[in-house]
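So you can see what is in the structure, the chains are spelled out below.
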Amino acid sequence: MAEVPDVSVVIGFKDWGLTRLRLAVSTITESFGELAGEVVVSDYGSKETSSTRAALEGLGATYVYTATDGTWSRSRALNAGFANSRGRVLVSTDADMIFSPRSIEVIGERVLEDPRSAILLQCRDLPSQWSDASVAEKGTHWLDFERVARRRPRWGMGGMVAVSREMFLTVRGYDERMQTYGGEDIDFATRIRRAGARLIWIEDPAVRMYHMWHPSTAETHTRSAADSAHVAANKRIMREDKTFVRNVVNWSHRPKDARPLVSVVIATYNRADLILDSIHSIQAQTVQDFEIVVIDDGSTDNTYEVVNGLDDPRIRYFRQENAGVAAARNRGIDESLGQYVAVMDDDDIALPWRLEAHFDALTEGVNATFGSFVNFDNATGELKLHRTKLFTDEVTSDKGGAPGHSTWMVDRDLMRAIRYDEQLASGIDNNFALRSLRSGLEWRHTGRVHSLRRMHDTQITSQGAAGQSAAARDSYAYFTFLTSEKSLSRMRKERGRHDYVPLTGAEEADLRPFLPDHLVVRSMIAENQGASRESDILCVYPGGRARSFSGAVGVTWSDLADLRGRVSEAFIAASPSHAAAQDHALARPVNVVLALLRAEALEAQPLGEGQVAIEVMASAEGRRGEDSWTNRKVRVTTGAEASVWQHGLASVNASLPELLDKLSSGSGGVRVSGSPAAIDRLTKLLLGQGVGEAQ
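Since we're looking at a predicted model, the values are computed, not measured.

K.L.:
Account for the overall build of the chain, naming residues and giving values.
P.N.:
Regarding its fold elements, the chain presents 25 helices and 29 strands. The 695 residues of the chain split such that 53% are buried. A separation threshold of at least 6 residues defines the contact pool for the chain, and within that pool the share at least 24 residues apart is 78%. For the chain, the accessible area works out to roughly 31300 Å², and carbon and sulfur atoms hold 49% of it.

K.L.:
Any chance you could break down the sheet that holds strand β7 (residues 124-125) for me, citing the residues and the numbers?
P.N.:
Taking strand neighbours across the sheet as the criterion, the four strands line up as β5-β11-β7-β8 in an open arrangement whose pairing is mixed. One side of each edge strand has no neighbouring strand; the edge strands of this open sheet are β5 (97-99) and β8 (150-151). When β7 meets β8, the two strands line up antiparallel, connected through two bridges. Directly across from D125, in β8, lies its bridge partner R150.

K.L.:
How would you summarise the sheet that holds strand β6 (residues 117-121) if you had to cite specific residues and measurements?
P.N.:
One open sheet holds the seven strands; their spatial order is β3-β2-β1-β4-β9-β6-β10, and the pairing between them is mixed. Of all strands in the sheet, those bounded by a partner on one side alone are β3 (62-66) and β10 (198-201). Each adjacent strand pair in this sheet contributes to an overall mean axis angle of 20°, direction not counted. One ladder, built from four bridges, connects strand β4 (residues 89-94) with strand β9 (residues 160-164); its direction is antiparallel. Looking at β9, one finds that V91 is bridged to A162. Across the sheet, helix α1 (residues 18-30) lies against β1 (7-13), β2 (37-44) and β4, angled at about 170° from β1, the strand it touches most. Helix α2 (residues 50-58) contacts β1, β2 and β3 of the sheet and is inclined by roughly 155° relative to β3.

K.L.:
Account for the nonpolar core, with residues named and values stated.
P.N.:
Membership of the largest hydrophobic core comes to 52 residues, with the highest contact counts inside it found for I279 and F359. In terms of residue count, the dominant contributor to this core is helix α7 (residues 165-171) (four residues). Ranked by size, the runner-up nonpolar core spans 32 residues in total, among them I11, F32, M97 and V111.

K.L.:
Go over the environment of E166 with me, naming the residues and quoting the values.
P.N.:
With respect to the helices, strands and loops of the structure, E166 is situated in helix α7. Owing to a relative accessible area of 43%, E166 belongs among the partly exposed residues under this scheme.

K.L.:
Talk me through the side chain of H253; I want residue IDs and the actual numbers.
P.N.:
Mapped onto the secondary structure, H253 falls in the loop between α10 (225-240) and β12 (262-268). Given a relative accessible area of 15%, H253 falls into the buried group. Discounting residues that sit within four places of it in the chain, H253 has contacts with Y44, T66, R76, N79, A80, A83 and E176.

K.L.:
Talk me through the pattern of salt bridges; I want residue IDs and the actual numbers.
P.N.:
Scanning the entire structure with this criterion turns up 38 salt bridges. Note that E146 is salt-bridged to R208, the shortest N-O span being 2.8 Å. With a gap of 62 residues between them, E146 in helix α6 (residues 142-148) and R208 in the loop between β10 and β11 (209-211) connect regions that are remote in the sequence. For R208, a relative accessible area of 11% puts it in the buried group. Among the salt bridges present, the one from E335 reaches R331, with a minimum N-O distance of 2.9 Å.

K.L.:
Tell me about α1, and please be specific about residues and values.
P.N.:
When the terminal C-alpha atoms of α1 are compared, their 18 Å separation across 13 residues agrees well with the 18 Å that a helix rising 1.5 Å per residue should span. Restricting attention to buried positions, one finds in α1 the residues R20, L21, L23, A24, V25, T27 and I28.

K.L.:
Can you tell me about the confidence of the model for the chain, naming the residues and giving the values?
P.N.:
One rule of thumb: low pLDDT means the predicted coordinates there are not for detailed reading. Averaged over every residue, the pLDDT of the chain is 80; the share at 70 or more is 71%. Confidence over residues 579-657 falls short of pLDDT 50; this stretch has 190 contacts with residues more than four positions distant or in other chains. Contacts of residues 663-674 to residues separated by more than four positions or lying in other chains number 45 contacts, the stretch itself having pLDDT below 50.

K.L.:
Could you give an account of the pairing of strand β17 (residues 368-377), naming the residues involved and the relevant values?
P.N.:
Counting buried residues along β17, nine of its 10 residues qualify, which places the element largely inside the surrounding structure. The sheet contact formed by β17 and strand β19 (residues 409-411) spans two bridges and is antiparallel. Across the sheet, the residue bridging to T369 is M409, located in β19. Both β17 and strand β20 (residues 443-455) contribute to a ladder of nine bridges, which runs parallel. If you follow D377 over to β20, its bridge partner there is M455. Note that β17 and strand β18 (residues 383-386) share four bridges and pair antiparallel. Within β18, the residue paired with F373 across the bridge is H386. Hairpin remark: β17 followed by β18, antiparallel, with five residues in the connecting loop; positive phi at G381, about 85°.

Definitions and limits used
- Residues numbered from 1 in each chain as written.
- Predicted model: local features only at pLDDT ≥ 70, side-chain atom pairs only at ≥ 80, totals over all residues.
- Heavy atoms only, no water.
- Helix = DSSP H or I, 4+ residues; strand = E, 2+ residues; numbered from the N terminus.
- Buried < 20%, exposed > 50% of the residue type's maximum accessible area, 1.4 Å probe, protein only.
- Contact = heavy atoms within 4.5 Å.
- Areas by Shrake-Rupley, 256 points an atom, 1.4 Å probe, with all protein chains shown as cover.
- Pairing = 2+ DSSP bridges.
- Axes fitted to C-alpha atoms, helices over the stretch in contact; angles between N-to-C directions.
- Core = buried A, V, L, I, M, F, W, Y, C linked by side-chain atoms within 4.5 Å.
- Salt bridge = Lys/Arg side-chain N within 4 Å of Asp/Glu carboxyl O.
- Expected span 1.5 Å × (residues − 1).
- pLDDT = per-residue confidence, 0-100.

Shown next as C-alpha cells:
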C-alpha cells in the first residue's frame, strides 16, 4: 500500500490558465522538504481537461475533475479535492499562489506537532511586473519578491489554511452552500476555532506565499449581479451562522474515511415488537450521515431477527449477556464511531427533523443539545406535550430534573468520560445528566420537539415509578451537595419565565403523522426521484422545469424509512385508524392536491401574503368541450373559508370541504399561481381535511 503522505495540498481550479497552475504546483512540490507530500488539483467544471490532466500528472500531481452545471464554488472545489486526498495535514490554497522553498514543510510540521492548531499564512501580492507569464519566463526570484510584494490584510480573500485531517472532518470541510468565492476561508477558520482549534498566523522568514499578479477577479464579479448575490450570501453565512459543523444534511464531497456524523445508540431488552418503529424513525431523518448502534442486553425474544432483517449497513448490532440498561448504554457509547452520540430509547420515535435540529443548535462552547418531547398513549394515540425547560444550574437547582433521554445528543468523548452509573437500577439518565452538568457540560435547547415517547404498561417508568422517584431524589442531593443555601437561593431567584424556550413545529398536525402505524392512517404526497411512471403526476413549470409526484394512502413507517431524508419534503397527514370511512376521506384531498401540483402558474391579480389563486376548468355536464367549460377562480388563505367566484357571476362563499367537492368533481384541469410557500400551505391545508373523524 502506498505511503500515507504527511501533507496534502489542495488547489481549487477552473479554466484559469495552465501556466499559473503549473507554477503553483511546482513551487508547492519543491516546498515539501523532508515531508512526504501530495498536490491535488480539484478541477471544478473546466471546459478543457485533457491538456490540464496531462500537464499536472507530468508534475506528479493528482488531478480530480468534477462535472458541474457551470456554477463555480470554491468551497465545493476544495472539498472535492480533500475527498480525494490522503494526507494527515490538509492545506487549502489557490492556483495563483506560489510558495517559497520549505514553506509547506514548516507549516506541516507545526500541525503534526499540535493537531489542535490551525495554521494561517498571510498572502503577499506581487506587482504587475510579476504576472504568471513573467514568473514562468524569469524564474522565482524570492529575494526580489520579498522586496516588492505588498502584504494583504490578514482577513482578505484567498490564501492558505492548514489543519489536521481530524479537525477538517470534525467541521465537515468548507461550507458547500457558498458559491463563487468570498468569505469561505474566514468562515472555515472561524469554525475550526469554534471547534476548539488554536488559530496561529505563522511568522517565519522561511515561509512565504506570493500571489502572482493578474486582473482583479473581484472586479469581474462585482459586474455580475448573480455572482455579487452569491458573494453577499456567503458573507451572510459567515457572519450570521454560529454553528461549526456544516454540510449536515448533504455533504456532496464526503471523504471516504469520514466517520459517521452521529451514532444513534439504542439499548434494548425484549422489545422486538417496538424497536422497529424506533429504527425506522432514525432511517427517515433529514440527516442521513449516521450509524445506529443497537445493544441487545440479552433479549430472549426475536430482537436479533427483527434488527438483522433490516437491509441497512449503517445498523450495527451487538449482543451481550444481560447486564442492565446502564451497562448496555455504556457499551453503545464505547462501540460508537460517530463524533456525537444521540441516545434513543427502544420504544420511542424520533421525529424526522430531530438530528438536524441538534446540529442547528450546536454552537461554540456547547457540548450537548436536547429538545422537548411528546408523550403518546400507545392504545389511544392521545398526545401530551412536555415543553422541557432549559438545562442549567439555575433551573436545576430548584427541583432537579433533566431533559427527556430520547432528546439528547452529546459529544461522544465526553459521554465516555462521564458514563452511565451501572450501580443504579432506576433514574439512570437523570443521574447522568445532573453529573454532566456538575462536570461543566454546556447543554442547549434546540427549540424543537424531538421525540414521541410511548406510554405503555411495560416501560421502565411505569414498572418502577417508586424507584425512579427515589433515584431522582438521590441525584438531586448529589447535584446540590456542597452548594451553600445562599447559592441555591440566588440560583432559584434567577430562574423564572425564561426557563422555557419557544417551540416551533409543535402543533398536533405536525406530530400526529409520526405516531405508530396502528394508531393512524397516513396520506402522503412526495416528489419522485428518477424516471416518472404513468401513474405519477408530471408538473411542467414555466421555463421547462419538470417535477414528478405521486400520492398514496395507508403509508407505513417502513415506507417513510424508505424515503430516507426526503420525508421532510413530503406532504403528510394522518387520521385515527378507527375512523370507518377513512380511506375515502383521505383519498379525496390526496387526489385534489395531486391535481394542484399538476398546475402551471397563471397570470392573476396581485395576491396577498399567504394567498393562492386557483383557476379550475370544469364541465358540469362532464363533457370535454370548450363551450361547456366554466371558469372558476378561487382565492384561498390558510383560514377555513375560501372565496369562490365564476366568470361573469357574483362572488359566492364556500367552506373548504365544499371547495374540495368543487375541485375534485371537475373533469377539466387546474392551474395555480402564488408563491411556493403559499402553495405549500394550501397543499398542507387540503391534506389536513383528512384529519379527524370521518364525516
